[in-house]
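Structural characterization, general
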Amino acid sequence: MRLTGPDAVPDWMKGDGRMPVRILVRWIMAMTLGIAAPVAAQMMPEGPVLAAADLREGQSLDGEWTYSIDPYRDGAAGFHGGPAGEGHRRYDDTDVAARTADDPIALYEYDMDASPRAVLPESWTGHAPEMRHYEGLVWYQKRFDAEIAPGERQFLRFGAVNYHAEVWLNGKRLGEHEGGFTPFAFEVTGVLRTEGNRLVVGVDSQRDALSIPPPVTDWETYGGITRPVRLIAVSETFVDDAWVRLADRDTLAVDIVLDGASGAEREVVFSIPELGLRRSVRTGDDGAARLTIAVPPEVELWSPDSPRLYEVLVEAGGDRWRDRVGLRTIETDGPHILLNGEPVFLRGISLHEEELGEDPARRITPEAARELLTLAKGGLGANFVRLAHYPHGEAMVRAADEMGLLVWSEIPVYWRIAFDDPAALEKARLMLAENILRDRNRAAVALWSVGNETPLSDARNAFMRRLVDDVRTLDPHRLVTAALLTEQERDGDHPVMVMGDPLAQALDVMAINAYNGWYGPDRLADLPAIEWRVPPGKPLLFSEVGAGALAGLHQPERPGKFSEEYQAEYYRQTLAMLSQIPNFAGISPWILKDFRSPRRQRPVIQDGWNRKGLVSETGERKQAFGVLADWYAERAR
Ligand code: GCB
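Read on for a plain summary of the structure. (Residues numbered from 1 in each chain as written. Predicted model: local features only at pLDDT ≥ 70, side-chain atom pairs only at ≥ 80, totals over all residues. Heavy atoms only, no water.)

Note on sheets: strands pair through backbone hydrogen bonds, and any given pair is parallel or antiparallel. One open sheet accounts for four strands, arranged 18-17-20-21; its pairing is antiparallel. What marks the edges here is a single partner per strand, and that holds for strand 18 (277-282) and strand 21 (319-325). Adjacent strand axes in the sheet meet at a mean angle of 15°, parallel and antiparallel pairs treated alike. Two strands pair when backbone bridges link them, and strand 20 (residues 310-316) and strand 21 are joined in this way by seven bridges, in the antiparallel orientation. Bridging across to strand 21, E315 finds its partner in R320. (Pairing = 2+ DSSP bridges. Helix = DSSP H or I, 4+ residues; strand = E, 2+ residues; numbered from the N terminus. Axes fitted to C-alpha atoms, helices over the stretch in contact; angles between N-to-C directions.)

The next thing to look at is the site of the ligand. Around the ligand, the surrounding shell holds 14 residues, and the nearest of these are D218, H389, E453, Y519 and K612. Within the contact set of the ligand, an oxygen atom lies 2.5 Å away from a side-chain nitrogen or oxygen of Y519. Measuring from an oxygen atom of the ligand, one finds a side-chain N or O atom of K612 at 2.6 Å. Protein contact buries 96% of the 320 Å² of open area that the ligand shows by itself. Here the shell around the ligand is composed, by residue class, of five nonpolar, four polar and five charged. (Near = heavy atom within 4 Å. Polar contact = N/O pair within 3.5 Å; in protein donor to acceptor, adjacent residues only side chain to side chain. Areas by Shrake-Rupley, 256 points an atom, 1.4 Å probe, with all protein chains shown as cover. Nonpolar A, V, L, I, M, F, W, Y, C, P; charged D, E, K, R; others polar.)

In this section: unusual backbone geometry. Trans is the common state for peptide bonds, and a negative phi is the common state for residues other than glycine. Of note, the amide linkage connecting L120 to P121 takes the cis form, showing an omega dihedral of 5°. Considering the arrangement of structural elements, one finds P121 in the loop between strand 5 (117-120) and strand 6 (137-144). A positive phi angle is found at R362, which is not glycine, with a value near 50°. You can see R362 is positioned in the loop between strand 25 (346-351) and helix 2 (366-380). The exposure class assigned to R362 is buried, which follows from its relative accessible area of 2%. (Buried < 20%, exposed > 50% of the residue type's maximum accessible area, 1.4 Å probe, protein only.)

Turning next to the pairing of strand 31 (residues 494-498). In terms of burial, strand 31 is a largely internal element, four of the five residues being buried. What sits between the antiparallel neighbours strand 30 (residues 487-491) and strand 31 is a turn of two residues, in which G492 has the positive phi angle 60°. With three bridges joining them, strand 31 and strand 33 (residues 531-533) adopt parallel strand pairing. Each bridged residue has a counterpart across the sheet, and for V496 the counterpart in strand 33 is E531.

Attention shifts here to the pattern of salt bridges. Under the criterion given, the structure shown has 56 salt bridges. One salt bridge connects R198 with D93, and the closest N-O pair in it is separated by 3.0 Å. Of this pair, R198 sits in strand 12 (residues 197-204) while D93 sits in the loop between strand 4 (63-69) and helix 1 (96-102), and the two are 105 residues apart along the sequence. A relative accessible area of 4% places R198 in the buried class. For D255, the salt bridge identified is with R290, shortest N-O distance 3.2 Å. In this pair, D255 is assigned in strand 16 (residues 251-259) and R290 in strand 19 (residues 288-294), connecting sequence segments 35 residues apart. For D255, a relative accessible area of 14% corresponds to the buried category. (Salt bridge = Lys/Arg side-chain N within 4 Å of Asp/Glu carboxyl O.)

What follows concerns the packing of helix 2 against helix 3 (residues 394-403). Where helix 2 meets helix 3, the axes come as close as 9 Å, and the angle between the chain directions of the two elements is 50°. In terms of orientation, helix 2 and helix 3 fall into the oblique class. Along this stretch, helix 2 crosses helix 3, giving a crossing that reads as right-handed. Counting all contacts with helix 2, which are made through P366, A369, R370, L372, L373, T374 and K377, the residues of helix 3 involved are A395, M396, A399, A400, E402 and M403. Across the contact of helix 2 with helix 3, the residue classes tally to nine nonpolar, one polar and three charged. (Parallel < 35°, antiparallel > 145°, perpendicular 65-115°, else oblique. Left-handed = near helix turned anticlockwise from the far one by under 90°. Contact = heavy atoms within 4.5 Å.)

Moving on: the nonpolar core. Counting 150 residues, the largest nonpolar core has L252, F270 and F542 as its most contacted members. Looking at this core, the element that brings in the most residues is helix 4 (residues 422-439), giving nine residues. Two domains each put at least three residues into this core: domain 2 (55-235) and domain 3 (332-635). In this structure, L252 is in contact with V244, R245, L246, F270, I272, L277, L291, T292, I293, V295 and L327, ignoring residues within four places of it in sequence. Counting residues in each nonpolar core, the second largest holds 31 residues, with L61, L120, F144 and L192 among its members. (Core = buried A, V, L, I, M, F, W, Y, C linked by side-chain atoms within 4.5 Å. Domains from an automatic or database assignment.)

Structure representation (structure tokens):
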């Protein structure tokens, strides 16, 4: 149940018609336990949270769909700009074959039932060779039957659709969603049929100046329905959100929100059977309840060395919500990051959401996620991954939770966003909220990042600070960071890298992307002489360092850029340089695997791939992989 308070927010937060979502405001208690809780207005996504939706029982709508390209958006508008006419509207609940058989003069210029087939989830780049570089609108259709039990409510839940989705079920428009990396759901109770449902999704990958990420990035767009689609049935009143975490080393805190007509003043039972823990609490008239429980002494804390997860249950209103949750604390102490009270050095690696293989199409199954994370953990000896540059799918974050890898999670506030436009800020805030609400039960997630390499300006600083404040409101139990840039100066005979970004002050953990020795004039042998001038009082991560190499290109005599030897030497010299920085708390080099990027077109060497991977696209290890693995083995001692 949510409280709405549209009058409680400034006008610009209510949207100006460009945002496809209606803004709901839920008053959220600031979660700093022990302090008289202040109350803050937080933008929340429309629709249910459906926390741990991936573990709910439901019907998978993955598998075979049909699709139809629509580069001129013929199904979205008429040729003079008005509404699309019959015969063009892919989303109508019309059997085109039957209709045209009945009426010989009926004119239809689409037929979703007869369109090409594709197996989802995957990006359309994988559907057919001619889809490889398609950007724009594609219509998808799924026909399915459903079981409907009396008194149940049904939700259609999309793991992610990149970039914009508009959804119809049986000819009824359910709504739309912007943002290619976070989940959304629509209630379909009363619209769903037992037989012959027709689900149509208009997926548009085209981005503009107000989009997040912007049109220009350094990775493949991968338009399409890229994550699972499920039909989830729940009781009339159900557990929409439950957040289970250690608020501090002694306190287990649980927040629960019920959705439904009888969510107020209702008994809720929270339990962790493996710990023999069971508590009841009553919701308030807003349907929300909070428990604080002394941490049982026998609890086994989650860590990369011992990624212990507990089954947690919330029972209320005929609903039984479950998740698998690790318990741990993450905080900072001066220059250190503390995990469960102990300093931890983050031995990390960055990765994109792109599976291994010659022709990836963002098919991140649990197996594909594990394959990537096994290279990181087993291969490199990592305890940390930066999931760049957008929220990765639940399969990846769950795998990190289960395998024991700390996670940096980020939203795609990347490079050049419309920082001075309130609509862009609104989108970023919603994406951040959607990401945090999805993943704040994951012990693996240690850091929320609010952006990457964003250009300094007053508007940008205000924008980024707002996001930092949102993180603190939605989840004060984790660390907030952002990947920042530095400037190179000279001090007498040696180069100095200076952190001039005022955002550093607002973060718990500073993070820097640095490419000395790859971009710019520095020679590799000179890197260790570079001095880093960064504020000393808090932990500093290097969120990116990296150099490109084509697997198998060897130049042992005179290593040049793109040879394996150059990349390996780059890693040796870079690690020597960074090791001298007193508050150096971890690193996630760029990047685990070569990844597709349309920006990278040098024939033979790149051919559309960014070659900074430590392994090739098929998993072939380059020399630098061993250099980093050896260094991590030393650090782990
Ligand atoms: C960066 C970006 C990353 C790029 C990388 C590169 O700084 O954050 O998205 O892919 O550099 O390879 O240049």
